[in-house]
Amino acid sequence: MEEYDEAKLRDRFGKNLPSDKSYLYDAILRSMRDYRSANSRSARIKEMI
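1. Some words on the pattern of salt bridges
And then number 1: Taken as a whole and assessed by the stated rule, the structure comprises two salt bridges.
And then number 2: Of the charged contacts, one joins Glu-6 and Arg-10 as a salt bridge, the two residues approaching to 3.3 Å between their closest N and O atoms. Separated by four residues within a single helix, Glu-6 and Arg-10 lie in helix α1 (residues 6-13), roughly one turn from each other.
And then number 3: Residue classification places Arg-10 among the partly exposed positions, given a relative accessible area of 48%.
And then number 4: In this structure, the salt-bridge partner of Glu-6 is Lys-21, at a minimum N-O distance of 3.8 Å. Here the residue Glu-6 occupies a position in helix α1, and Lys-21 occupies one in helix α2 (residues 17-37), the gap between them amounting to 15 residues.
And then number 5: Here Glu-6 falls in the partly exposed class, since its relative accessible area comes to 26%.
And then number 6: You can call Lys-21 partly exposed: its relative accessible area is 38%.
And then number 7: Linked by salt bridges that have partners in common, Glu-6, Arg-10 and Lys-21 make up one network.

Below, the structure is given as structure tokens:
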């Protein structure tokens, strides 16, 4: 989708769009944390605790 169109997304995802957007946002943040944690000693220590 070149341009964000929520109406088209609602047609495709139905009533689950808000929860799907929230899940995707959380998954992206989790992925970013996991990517950075491999390089960060403090993140690795926090994971061990």
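That covers the picture; the talk isn't over yet.
2. What to know about a nonpolar patch on the surface
And then number 1: Among the surface-exposed residues, Leu-24, Tyr-25, Ile-28, Leu-29 and Met-32 lie close enough to one another that they form a single nonpolar patch of about 490 Å² accessible area.
And then number 2: Looking at where Ile-28 falls in the secondary structure, it is placed in helix α2.
And then number 3: Exposure remark for Ile-28: the relative accessible area of 43% places this residue in the partly exposed category.

3. Observations regarding the confidence of the model for the protein chain
And then number 1: On average, residues of the protein chain carry a pLDDT of 82, and 88% of them reach 70 or more.
And then number 2: At the low end of the mean pLDDT range in the protein chain sits helix α3 (residues 41-48), at 73; at the high end sits α1, at 88.

Analysis parameters
Residues numbered from 1 in each chain as written. Predicted model: local features only at pLDDT ≥ 70, side-chain atom pairs only at ≥ 80, totals over all residues. Heavy atoms only, no water. Salt bridge = Lys/Arg side-chain N within 4 Å of Asp/Glu carboxyl O. Helix = DSSP H or I, 4+ residues; strand = E, 2+ residues; numbered from the N terminus. Buried < 20%, exposed > 50% of the residue type's maximum accessible area, 1.4 Å probe, protein only. Patch = residues over 30% accessible without salt bridge, like charges linked within 9 Å, V, L, I, M, F, W, Y side chains within 5 Å. Areas by Shrake-Rupley, 256 points an atom, 1.4 Å probe, with all protein chains shown as cover. pLDDT = per-residue confidence, 0-100.

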